[in-house]
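What the coordinates show
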Amino acid sequence: MEVKLLSARFDVENCNKIEVALKNGAYSVLDKAFSMEPGEVTDEVKNSGLRGRGGAGFPTGLKWTFLPKQTEKPVYLAVNSDESEPGTFKDRYILVRDPHMLIEGIIISCYAIGSHDAYIYIRGEYTTQVKVLQAAIDEAYEAGYLGDKVAGNDYRVDVTVHRGAGAYICGEETALLESIEGKKGQPRSKPPFPAVEGLYGCPTIINNVQSIASVPYIVSNGADAYKAYGTEKSPGTHLFGISGLVEKPGMYELPLGLPILEVIEKVAGGVKGGKKLKGVIPGGSSTPVLLPEELETVTMDYESMAEHKTMFGSGGMVVLDEDVDVVKLVKNLIDFYHHESCGQCTPCREGLGWMLKIVKKIINGDGTLDDVNLLRELCDNIEMKTVCVLSAACTMPVRAFLDKFRHEFEAYVQ
Amino acid sequence: MSDRSQLIETGTPFQFDAERDAEFERLVKRYPTRESMILPALWLTQEQEGWISAEAIGYIADRIGTFASKVFEVATFYTMYNLHPVGEYHICVCRTLSCYLLGKQQIVDYLYQELGIKPGDVSKDGKFSLEEVECLGHCGTAPVVQVNGEFHEDMDVEKMKALLATLK
Ligand SMILES: Cc1cc2nc3c(=O)[nH]c(=O)nc-3n(C[C@H](O)[C@H](O)[C@H](O)COP(=O)(O)O)c2cc1C
Ligand code: SF4
Ligand code: FES
């Protein structure tokens, strides 16, 4: 089932080193890209149907067209390598196994959007990853792929790595920009959208690492070659992460649109220890859980996930077996989001704190049915009343757990 | 770590060593504003000293040309900046989703039993400190532990025991 478009060089030893990467085709797309008009590059990406791999699935090429047509200001590219949503572990493979693919993607993307300065925002915990990435960037400078004349073309691209320091919220695009500007990672109200007013008040495109790393393949092989994989509305491949209670957890590159149960069975070896499946969190901790009977008809693409009232998210699937205590899992989730709230909106800062208190009370055996109902009510009252969707990233999965496993909560309060 | 509201004074002035000084000067050219250097400068400080003191906050503010309160605000927001000295070996155990499902608690309990420290503590001899952290992006090889930034994957109590033996 696996297809290796993005991960083609992942198994090549030392492919983080430029001499190895070059021998295996790195930077070979630049000539073609620079022979095209920037608008043509954007069109190719648009036609490929590539959807942003950071979680929301917004079409990448379309996002690029939101930049003002005419501007005196510099345009920035921010590459999102915060990768902090529980269950998500894909971008770091790109950073470590094929950083030159990312750098090449950055160069081509910068050219397409008219940017000369890219910032890679990388989570602070990725200590070894940042070293490998920075070394690759240094090599790219030395070899003339970055700097004043990219690969001999009259085009400057500078790439700077900006390290976060342990704040999940900095994965949210405007919090990420604040963090690069040297501030607390507190999301901004939108509009204005970053494409119009982003980093330092200038037009800015923010894309996930995997989105940008997909660009060289698309420009090299054409939109149609990319669209040959996946479904009509979810073209291409994705670096899926499968973790939790499965036999063979790991990162697998798969075309979108495969039946989820088949993937869990054939690719990930089925539920660990032959246990019964209880459910799957399909795309990172913020995506609502799916029950075994629902999973029968789910395919791994944006539209099928939406039909089943959940989300494709980051493609980080977490498998739950029959022994998982859903109430305790919900506590673990709320704890995470409460801890990571940036604190500027009351419903998020205080509301998630209440939710945590209530679920702790339920687990301690002091809860009542009213508490279960209150927890459910809070989900509806917190959502959509805040600056960013971190609060919803907590309430959406909690609501699904409450609705689909209500009996487990009730068992605690009886 | 636990109390992040107070800065600690060392009583001696702080400054970057030559290597960090050069890195600061390289990076400052990459940003259109000097404020953008707050996070990188805090990292350089922590790499040099292991933690960030009151003197260091003042030094960074002067160096960047901003208020110490601004640097302090940023330093408290981002949990990876140590505002207290940590142990010689700083152990971070992922407490979230996949690591939780695969038994991170046994590792935390074992560390308490073995070293007598709970998340947030530094051992009396200053050798170890422990922290529970959020998803470390290695869920496919959960549970995950980081020691001084280095990843240890697929952990269990036996492997933690073996790892500790190499640190003692
Ligand atoms: C709370 C929160 C956390 C996020 N974390 C990440 C992240 O770690 N990595 C990422 O690429 N996008 C993350 N996003 C999505 C970004 O805001 C943004 O949509 C994305 O980086 C855009 O890139 P894409 O269009 O290529 O997907 C997060 C969003 C929210 C609300
Ligand atoms: S919803 Fe939460 S994380 Fe998002 S801006 Fe408001 S307080 Fe911050
Ligand atoms: S949940 Fe522990 S590394 Fe992701």
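What counts, and where the lines are drawn
- Residues numbered from 1 in each chain as written.
- Chains lettered and ligands numbered in written order.
- Predicted model: local features only at pLDDT ≥ 70, side-chain atom pairs only at ≥ 80, totals over all residues.
- Heavy atoms only, no water.
- Pairing = 2+ DSSP bridges.
- Helix = DSSP H or I, 4+ residues; strand = E, 2+ residues; numbered from the N terminus.
- Axes fitted to C-alpha atoms, helices over the stretch in contact; angles between N-to-C directions.
- Contact = heavy atoms within 4.5 Å.
- pLDDT = per-residue confidence, 0-100.
- Phe/Tyr/Trp six-rings, centres within 6.5 Å; stacked < 30°, edge-to-face > 60°.
- Lys NZ or Arg CZ within 6 Å of the ring centre and 35° of its normal.
- Near = heavy atom within 4 Å.
- Polar contact = N/O pair within 3.5 Å; in protein donor to acceptor, adjacent residues only side chain to side chain.
- Areas by Shrake-Rupley, 256 points an atom, 1.4 Å probe, with all protein chains shown as cover.
- Nonpolar A, V, L, I, M, F, W, Y, C, P; charged D, E, K, R; others polar.

1. A look at the sheet that holds strand β2 (residues 117-122) of chain A
All names here are of chain A. The sheet built from four strands is open, its strands ordered β3-β2-β1-β4 with parallel pairing. Every interior strand has two partners, whereas the edge strands, β3 (158-163) and β4 (204-208), have only one. Between one strand and the next, the sheet's axes are offset by a mean angle of 20°, whatever the strand orientation. Packing of helix α9 (residues 209-221) onto the sheet brings it into contact with β1 (76-81) and β4, and relative to β4 it is tilted by some 90°.

2. A closer look at the confidence of the model for chain B
Of the residues in chain B, 99% have a pLDDT of 70 or more, and the chain-wide mean is 96. The ipTM, which scores confidence in the relative placement of chains, is 0.97 for this predicted complex, and the corresponding pTM is 0.97.

3. Points about the packing of aromatic side chains
Both the distance between ring centres and the angle between the ring planes are used here to describe each pair of aromatic rings. Tallied over the full model, the rule gives 24 aromatic pairs over all chains. Clustering of aromatic rings is evident, with ring pairs tying together Y76, Y119 and Y200 of chain A together with Y31 of chain B. Lying over the aromatic face of Y93 of chain A, R92 of chain A brings its terminal NZ or CZ to 4.6 Å of the ring centre.

4. Some remarks on the site of ligand 1
Residues and elements named next belong to chain A. Around ligand 1, the surrounding shell holds 17 residues, and the nearest of these are G54, K63, N207, N208 and S211. Note that an oxygen atom of ligand 1 is positioned 2.9 Å from one of the side-chain N or O atoms of N80. Between ligand 1 and E83, the relevant distance is 3.0 Å, taken from an oxygen atom to a main-chain nitrogen or oxygen of the residue. Contact with the protein chains covers 89% of the free accessible surface of ligand 1, which is 610 Å². The dominant element in the shell around ligand 1, judged by the number of residues it contributes, is β4, at three residues. When its residues are assigned to classes, the shell around ligand 1 shows three nonpolar, eight polar and six charged.

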